[in-house]
Every structure is written in C-alpha cells, then in structure tokens.
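Spelled out, the chains give:
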Amino acid sequence: MLRAGLSGPLAIDYSERVTGAAPDTVTPENGLASQVLAGGRRALARAITLIESERADHREEAETLLRDLLPATGKALRLGISGAPGVGKSTFIEAFGLHLIGRGKKVAVIAVDPTSRRSGGSILGDKTRMEKLARSDQAFIRPSPAGRTLGGVARRTREAMLLCEAAGYGVVIAETVGVGQSETAVAAMVDMFLLLIAPGGGDELQGIKRGIVELADLVLVNKSDGDLEPAAGRIAAEYAAALSLLRPTTPDWRPTVQQCSALMNRGIARAWETAEAHQRALSESGALQELRARQSREWMWSEVTEDVLAGLRDDAAVAAALPDLERKVGLGDMLPGAAAQAIVTAYRRGRG
Ligand code: GDP
C-alpha cells in the first residue's frame, strides 16, 4: 500500500518505483488516476488540465482524482527555483534536470507565473526553453497554470506538483518565471528554495529584494565562467556575508552560497548533492514532515481566505456599498477599519 500523502516522509528514490499497478484506492470508473499512477505523460497532462479547469463539474472530478492519488504523493523532492529573468534559470534547470535523469530520476518542472495568461502566452510557451530536457521521456515540463489570482495559480501549481509526484516524478521543480510576487508562494510549497543569481544582470545584492534572499536555502551564483568569473566570485562573497547575518529558518540547515555555470555544466552535480543533503538533514530531524504539515495547513487557510473573499466580492450588497466606502477611505474621510466593518456588515446582512 502506498502511504505517504501530502506531508509524508521522503524517499528520494521514489522515481524508481515500479509503476503500472494501481493502489486499491483507485476506483474502476476513475481511469485517469490509474493512468497517472502508471506514469503516462499524456495522462498527467490531461490530469493537470482538469485541475486547472474552472468548471464546477471539472472541479468535482479534479477533487476526486486528487483524493484518489493522495496516497501516492509526498515522496518527491520538492524544489523551488527562482531568479530574475536572464540569470539562466532555464539553462540551469535543463542542465540540472539532465543530470538528474542521468542518475535515474524523473524530473517534472512546473512554471509559476501569476502574470501570464494562457491567451497572452506565458514565457514557457516559447518552445525553445529547455529543449533537450523537454525531449527526454523522463522529464515533464509544464507552463504556468493560468489563474486570475496568485492564490488561484498557487493552488493549481500545488495540485499539479502532487499529480507529478503521483506519476512517479522523484524531483518536482516549481520555477518562478514571473517577476516579484510568486517567490513567496513558491517557497510555501517546496522543501527547498533555490535562488539563482548572476553577475552583470543588475542583480547585485542591493538590487534584489531582501525578502527573497531570506527564503533561500541555497544561493547559486550562475555564469561563474569566462569573463564573468571574477565578478561572480565577488557576488558569491557578498551573498555569503549577507546570509551569515540572517537567522536560519531551521536549526537543521544553514543556507549556503555556491558558484556554478549552467552553460559549462559546472557546479550542477554539487547543487544536486546539496539538495539531497538538505533533504536528508530535514527528514532525519523530522523538520521536513513538520514543514510540509505547516505548508498543508497554510494551504488550507489560503483556500478558505480565497473562497470567502471571492464570495464577498461577488456579493451584491457588498458591491453596492464598495465604491462609496473605497472613496471615503481614499479621501481620508473614513478609517479603513470602520470601512472594513461596514463591508463585513453589508455582507452578513446580504446573506440574511
Ligand atoms: P532565464 O530567463 O533565467 O531562464 O535565463 P536563460 O536560461 O534563458 O539564460 C539567459 C541567457 O544567459 C542566455 O543567453 C544563456 O545562454 C545565458 N546563460 C545561462 N547560463 C549561463 C552560464 O552559466 N554562463 C553564461 N556565460 N551564460 C549563461
């Protein structure tokens, strides 16, 4: 019986699991679950499309599917990768992914870009990204789930990651391709957060939001090659100094800085060893299970908040009261707290 679940213990070699046999939780009418478990990439893609759908009947199906697959989740190494556009994220993920595949792993990459719209075309819609990795049948690459809000995108990303785990991907990467707001959301759904920086990108310490550095378990200074190498060394030293001033988020792991060159395929193996060491340290101490449990609880509350807020925004009584209240708050004629109370009162009254 596969028993792991959202916050279950970790076995990094999960990708080697023999697929094909469906666990006893799969009902015959839910063929898609068995197909996902069997590791079919097309089935996985279809499952992700299902969880992305906003149709109510699809949502119901998606929830059944996720519930059926839940026992088969939780065993992947969940990695978040972030960095400003141009630092070399896709080059790095390709080199990193191919390295992992060389070690017998299956790798899934989900991009997270709350600013993208399917119709507008996300950055990953550009097929030339990670071309070699995309060609491997051990890799699964998925563009950003569409969504109207960051919360919506985050939920779809989390669910897509679970589906990838159920399909036997031993390493699941959430890559932020949007600028700014997606980092915190991604950090809240992964075991380890990797921040990629590079020299020459206007990306020096002072230019990067301090909050993002605080999220990092590993800072990788990419493009540590050729003419850029001296500058990369300086940046690495700066970041190491900055990190040493931060209080680690867990006693089991001290964030470190490493240099790499995705282009020259240098430092890639070391980055993976570090990710494994991180996972080992956190799972041995129990911190990983605690982290995942906390993330699941936070996920639950963010869903509640999203749902309640959506209900409130759709409410006719609230909609009628809002323009006036917003205007008054904007003009300073009313305190925000009092206006908030008025909104909640309107909502409650509207619901009888
Ligand atoms: P992304 O926007 O963060 O995904 O960055 P890309 O992977 O698309 O890379 C942006 C540019 O940096 C491309 O021209 C890459 O060839 C280049 N690049 C990526 N990694 C390296 C590296 O390790 N060294 C050097 N010199 N260039 C790199």
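From a predicted model like this one, the values you see are computed outputs, not experimental measurements.

J.: Would you explain the overall build of the protein in this entry?
T.: On a plain count of helices and strands, the protein comes out with 13 helices and seven strands. For the protein, the proportion of its 352 residues judged to be buried stands at 49%. Within the protein, contacts between residues at least 6 apart in sequence are counted, and of these 77% link residues at least 24 apart. Surface summary for the protein: the accessible area is close to 16800 Å², and the carbon and sulfur share equals 54%.

J.: Help me understand the site of the ligand, please; the structure alone is not making it clear to me.
T.: Lining the immediate environment of the ligand, one finds 15 residues, of which G86, K89, T91, D225 and A262 sit closest. Here K89 contributes a backbone N or O atom positioned 2.8 Å from an oxygen atom of the ligand. Taking S90, its side chain carries an N or O atom lying 2.9 Å from an oxygen atom of the ligand. For the ligand, the protein covers 70% of the area, taking 580 Å² as the surface of the free molecule. For the shell around the ligand, the class distribution of residues is five nonpolar, six polar and four charged.

J.: Can you help me understand the packing of helix α12 (residues 316-331) against helix α13 (residues 336-350) in this one?
T.: Working note: a packed helix pair is described by the angle between its axes plus the distance between those axes. Put simply, α12 and α13 touch, their axes get as near as 9 Å, and they point 170 degrees apart. Here α12 lies roughly antiparallel to α13, going by the angle between them. From α12, A317, V318, A321, L322, L325 and V329 reach across to α13, where they touch P336, A339, A342, I343, A346, Y347 and G350. Tallied by class, residues from the contact of α12 with α13 come to 12 nonpolar, one polar and no charged.

J.: How do you make sense of the packing of aromatic side chains when you look at a structure like this?
T.: Remark: the centre distance and the inter-plane angle together describe each pair of aromatic rings, the angle taken between the planes. Overall, the coordinates contain three aromatic pairs when judged by the stated rule. Centre to centre, the rings of F96 and W272 are 6.1 Å apart; their planes meet at 75 degrees, and the pair counts as edge-to-face. Of this pair, F96 sits in helix α4 (residues 89-102) while W272 sits in helix α10 (residues 268-285), and the two are 176 residues apart along the sequence. Pairing F140 with Y169 gives two aromatic rings, centres 6.1 Å apart and planes at 50 degrees, and the pair type is tilted. Placement of F140 in strand β3 (residues 139-142) and of Y169 in the loop between α6 (150-166) and β4 (171-176) is noted, with a sequence separation of 29 residues between them.

J.: What is the right way to read the side chain of Q295 from this model?
T.: For Q295, the location among the structural elements is in helix α11 (residues 287-314). Once you skip the residues sitting within four places of it in the chain, Q295 turns out to touch A187, A188, M189 and V190.

J.: Can you help me understand the confidence of the model for the protein in this one?
T.: Where the model shows low pLDDT, its predicted coordinates should not be examined in detail. When pLDDT is averaged across the protein, the result is 85; 82% of the residues are at 70 or more. Between residues 8-29, whose pLDDT stays under 50, and residues either more than four places distant or in other chains, the model counts 51 contacts. Scored below 50 in pLDDT, residues 118-125 makes 19 contacts in the model with residues more than four places away or belonging to other chains.

J.: What's the story with the packing of helix α3 (residues 56-69) against α6 in this structure? I'm lost.
T.: Closest axis-to-axis distance for the α3/α6 pair is 10 Å, and the angle between their directions is 45 degrees. In this view, α3 runs oblique relative to α6, as classed from their interaxial angle. The handedness of the crossing between α3 and α6 is left-handed. Every residue of α6 that contacts α3 at R59, L65, L66 and L69 is listed here: R155, E159, L163 and A166. Of the residues in the contact of α3 with α6, the class split is five nonpolar, no polar and three charged.

J.: Quick question: what am I supposed to make of the nonpolar core here?
T.: Taken as a class, soluble globular proteins show a tendency for nonpolar side chains to be buried jointly. If you look at the biggest cluster of nonpolar residues, it comprises 50 residues, and the most contacted ones within it are I48, L163 and C164. Take this core: its biggest share by element is seven residues, from α6. Counting only domains with at least three residues in this core, you end up with domain 1 (14-71) and domain 2 (73-284). Beyond its immediate chain neighbours, meaning those up to four positions away, L163 contacts V36, L44, A47, I48, I51, L65, L66 and L69. Judged by nonpolar contacts, the second largest core, of 34 residues, contains A139, M192, C260 and A287.

Parameters and conventions
- Residues numbered from 1 in each chain as written.
- Predicted model: local features only at pLDDT ≥ 70, side-chain atom pairs only at ≥ 80, totals over all residues.
- Heavy atoms only, no water.
- Helix = DSSP H or I, 4+ residues; strand = E, 2+ residues; numbered from the N terminus.
- Buried < 20%, exposed > 50% of the residue type's maximum accessible area, 1.4 Å probe, protein only.
- Contact = heavy atoms within 4.5 Å.
- Areas by Shrake-Rupley, 256 points an atom, 1.4 Å probe, with all protein chains shown as cover.
- Near = heavy atom within 4 Å.
- Polar contact = N/O pair within 3.5 Å; in protein donor to acceptor, adjacent residues only side chain to side chain.
- Nonpolar A, V, L, I, M, F, W, Y, C, P; charged D, E, K, R; others polar.
- Axes fitted to C-alpha atoms, helices over the stretch in contact; angles between N-to-C directions.
- Parallel < 35°, antiparallel > 145°, perpendicular 65-115°, else oblique.
- Phe/Tyr/Trp six-rings, centres within 6.5 Å; stacked < 30°, edge-to-face > 60°.
- pLDDT = per-residue confidence, 0-100.
- Left-handed = near helix turned anticlockwise from the far one by under 90°.
- Core = buried A, V, L, I, M, F, W, Y, C linked by side-chain atoms within 4.5 Å.
- Domains from an automatic or database assignment.

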